[in-house]
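# Architecture and fold: a report
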Amino acid sequence: MTTEPQNVRIVITDGAIIPDPKERRIITAWSISFVGALAALVYLCTSRPDPYWRLLQFLPDGIAVTFKVTVLSILCSIPIGLVTGLGRLSRNRLINLVASTYVEVVRGIPLLVQLFYIYYALGRFLKVPDLLAAIIALSVCYGAYMGEVFRAGIDSISKGQTEAARSLGFNRAETMFMVILPQAWRTILPPVGNEFIAMLKDTSLVSIIAVADILRRGREFASESFLYFETYTMIALIYLLITLFLSKGVSIMESRLNYYDRR
Amino acid sequence: MTAASAEPIISIRNAWKFFGELTALNDVSLDVMPGEKVVICGPSGSGKSTLLRSINRLETVDKGSIIVDGLDVNSPDNDINKIRQELGMVFQSFNLFPHKTVLQNLTMAPMRLRKTPRAEAESRALELLKKVGISDKANVFPAMLSGGQQQRVAIARALAMNPKIMLFDEPTSALDPEMIGEVLDVMVTLAREGMTMVCVTHEMGFAREVADRIIFMDHGQVLEENAPQDFFGAPKHPRLQKFLNQIL
């Protein structure tokens, strides 16, 4: 008899496949994609430096913007998600209802529509700068997803842990922050990482409201040079390499969090 | 028992608890004196765990009162977290904190709740681990321990708060048979030292050896309550006679 099942894996959305930290083989879907994408990038840039190498030099600004939007949005969506997740677990009917309604509404509206709503529709009352609008839309949208991740992660910790902590005299908050969340975190991390990757990809939507991200920069390049095939090949490769890097990073963090397991 | 023990340290009066249609506690009253060891037994679903868990308000009773050390555990005027600090609890499934080492499991509550300095909490924890016979495992994570070892750590964790009373909820039911003895030994030692104990258990050998009083419950009611000698030697209630025949 062990205490409880703790390796619940939550699979939520369309981020990317997080490589299994225990996977020791060299040839995996991840390594094939990574080596393949890298090889394609290097080959294109060396064999036809004219559009490709030039393109690669044209895009870094866009990559920086994409990262900036992603990181800022993730930093905002994690606290929103934590509050939402706790709200969804709250026994207070009102708090529960507010959190659940938020999740329900946000999940029912496409991100692109939310983005247009904040930038164009609300723009009638309050002019929001494009970058800020992008970050707000992504944070609000992903906050709801994160809320579900946090809720599921917290839910996956056995009731016995709460009872043990409470019976020692810890109050609700101490129990949550000292006992439950530190354990839930490793169940939560892979799907949060997944959301992070999904969000990075979804930032491509912000190119539509004039934020100069990778895709926007690529479109500028293509519209001047008419090299659509070359441009979008390059952009696809860059997105792929970034997400592959991130998924590996999440995988490594995940294995670090398993320190207290047997062996 | 000392002269100061005229007042019960736990006093349960007419407790009722319903789970939907089921009556888990049916007008239960029970007093426990300081230093007393009370064993509660009965078939599963008899309400014995519910009774134990209502003492530290892991369950709230629907009717009746539960007074621990002079404080009503269900009164909003009393801080339940303070009351719980005086009530050590040991669970069937151990419930150690898996993300903390054995030592941290023992020092966490005293350091946070009693503001015990780290050095003091750690030396006390090591003392307790020695007492339960696993001082060499202080720095490992619970997942490395056997069930019996985990349960002994769980007892030490509860003792680390220096509680006045220890509650045991079927502490050996989840253990392999060869590990039951090591946990019971710790509990016997604790009883000998004069700890007030309320134990829900099926270990009748333990009950016979250490209990001052044994309570038999069925269908949420206390059907019989007696010193071990009479409890086993001259059970009066037919349900108890049947129960004893089945388990002895």
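Heads up: the structure comes first, above all this text.
Residues numbered from 1 in each chain as written. Chains lettered and ligands numbered in written order. Predicted model: local features only at pLDDT ≥ 70, side-chain atom pairs only at ≥ 80, totals over all residues. Heavy atoms only, no water.

### Remarks on the nonpolar core
To keep things clear, this is the line we draw: Nine residue types can take part in a nonpolar core, namely buried Ala, Val, Leu, Ile, Met, Phe, Trp, Tyr and Cys, and a core is a set of them joined through side-chain atoms within 4.5 Å. The classification of residues rests on relative accessible area computed with a 1.4 Å probe and restricted to protein chains. Under 20% of the type maximum is buried, over 50% is exposed, and intermediate values are partly exposed. Note on contacts: a residue pair is in contact if any heavy atoms of the two residues lie within 4.5 Å.
Of all hydrophobic cores here, the largest spans 97 residues; its most connected members are Met234(A), Ile10(B), Ile12(B), Ile40(B), Leu51(B), Val68(B) and Leu167(B). In this view, Ile40(B) contacts Lys48(B), Leu51(B), Val198(B), Cys199(B), Val200(B), Thr201(B), Ile215(B) and Met217(B); residues no more than four positions away in its chain are not counted. Counting residues in hydrophobic clusters, the runner-up holds 49 residues, among them Leu106(B), Met195(B), Met197(B) and Leu244(B).

### Considerations on the sheet that holds strand E7 (residues 165-169) of chain B
Strands pair in a sheet through their backbones, by hydrogen bonds, and they do so in one of two ways: parallel or antiparallel. Residues and elements named next belong to chain B. Note the cut-off: Note on pairing: DSSP must find at least two bridges between two strands before they are called paired. Numbering of helices and strands starts at the N terminus; helices are DSSP runs of H or I of at least 4 residues and strands are runs of E of at least 2. Lines fitted to C-alpha atoms define the axes here, with helix axes fitted over just the stretch in contact, and angles between the N-to-C directions of these axes take values from 0 to 180 degrees.
The 6 strands are arranged E6-E7-E8-E3-E9-E10 in an open sheet whose pairing can be described as mixed. Either end of the sheet is taken by a strand with one partner, and the two such strands are strand E6 (87-90) and strand E10 (221-226). Sheet twist, expressed as the average angle between the axes of neighbouring strands with direction ignored, equals 15 degrees. Sitting on the sheet, helix H1 (residues 48-55) is in contact with strand E3 (37-41), E6, E7, strand E8 (196-200) and strand E9 (213-218), with an inclination near 150 degrees to E7. Its contacts with the sheet place helix H9 (residues 238-247) against E3, E9 and E10, and it is angled at close to 100 degrees to E9.

### Regarding the interface of chain B and chain A
So the rule is basically this: When two parts are put together, the accessible area they lose, computed with a 1.4 Å probe and summed over both, is reported as buried area. The term salt bridge refers to a pairing of a side-chain nitrogen on Lys or Arg with a carboxyl oxygen on Asp or Glu at a separation within 4 Å. Pairing of N or O atoms within 3.5 Å defines a polar contact, subject to two protein rules: one partner must be a possible hydrogen donor and the other a possible acceptor, and residues neighboring in sequence count only if both atoms are side-chain atoms. Each residue gets one label: Ala, Val, Leu, Ile, Met, Phe, Trp, Tyr, Cys and Pro are nonpolar, Asp, Glu, Lys and Arg are charged, and the others, such as Gly, are polar.
Contact with chain B, which involves 30 residues of that partner, is made by 25 residues of chain A. Buried area between chain B and chain A, summed over both chains or domains, comes out near 2400 Å², and the portion from carbon and sulfur atoms is 62%. Where chain B packs against chain A, one counts 2 salt bridges. Between Glu174(A) and Arg112(B) there is a salt bridge whose closest N-O contact spans 2.8 Å. Remark: the boundary between chain B and chain A carries 6 residue pairs in polar contact (both at pLDDT 80 or more). Every element with two or more residues in the side of chain B that touches chain A is listed here: helix H2 (80-85), E6, helix H3 (102-113) and helix H5 (147-159) of chain B. The element contributing the most residues to the side of chain B that touches chain A is H3(B), with 4 residues. Class assignment of the residues belonging to the side of chain B that touches chain A gives a composition of 18 nonpolar, 7 polar and 5 charged.

### With respect to H1(B)
Residue and element names in this part refer to chain B. When you tally the buried positions in H1, you get 7 out of 8 residues, the bulk of the element. All buried positions along H1 are accounted for by Lys 48, Thr 50, Leu 51, Leu 52, Arg 53, Ser 54 and Ile 55. Directly after H1, the chain includes Arg 57, whose backbone phi takes a positive value near 60 degrees.

### Let's talk about the packing of aromatic side chains
Short version of the rule: Ring pairs are drawn from Phe, Tyr and Trp, using the six-membered ring of Trp, whenever the two centres fall within 6.5 Å, and their geometry is named by plane angle: stacked under 30 degrees, edge-to-face over 60, tilted for the rest. In this analysis the charged atom, NZ for Lys or CZ for Arg, is taken to sit over a ring once it is within 6 Å of the ring centre and within 35 degrees of the ring normal.
What the rule picks out here adds up to 10 aromatic pairs over all chains. Here the aromatic rings of Phe34(A) and Phe245(A) are separated by 5.3 Å at their centres, their planes lie at 80 degrees, and the arrangement is edge-to-face. Of this pair, Phe34(A) sits in helix H1 (residues 29-47) while Phe245(A) sits in helix H10 (residues 228-256), and the two are 211 residues apart along the sequence. Owing to a relative accessible area of 55%, Phe245(A) belongs among the exposed residues under this scheme. Each ring, one from Phe216(B) and one from Phe243(B), has its centre 5.1 Å from the other, and the planes form 45 degrees; the classification is tilted. Here Phe243(B) lies in helix H9 and Phe216(B) lies in strand E9, a separation of 27 residues in the sequence. Exposure class is identical for Phe216(B) and Phe243(B). Each is buried. Ring pairing ties together the aromatic residues Trp30(A), Phe34(A) and Phe245(A), which thus form one cluster. Seen from the ring of Trp16(B), Lys63(B) lies directly overhead, with NZ or CZ sitting 4.9 Å from the centre. In this structure, Arg157(B) is placed above the aromatic ring of Phe97(B), and the distance from its NZ or CZ to the ring centre is 4.5 Å.

### Thoughts on the environment of Ser11(B)
All names here are of chain B. Along the chain, Ser 11 falls in strand E1 (residues 10-19). On the basis of relative accessibility, which here comes to 12%, the residue Ser 11 falls in the buried class. When the C-alpha atoms of Ser 11 and Ser 65 are compared, they prove to be 8.0 Å apart, with 54 residues separating the residues in sequence. If we ignore the near neighbours within four places in the chain, the residues touching Ser 11 are Leu 30, Asp 31, Ser 65, Ile 66 and Ile 67. A distance of 3.0 Å separates polar atoms of two side chains, one belonging to Ser 11 and the other to Asp 31.

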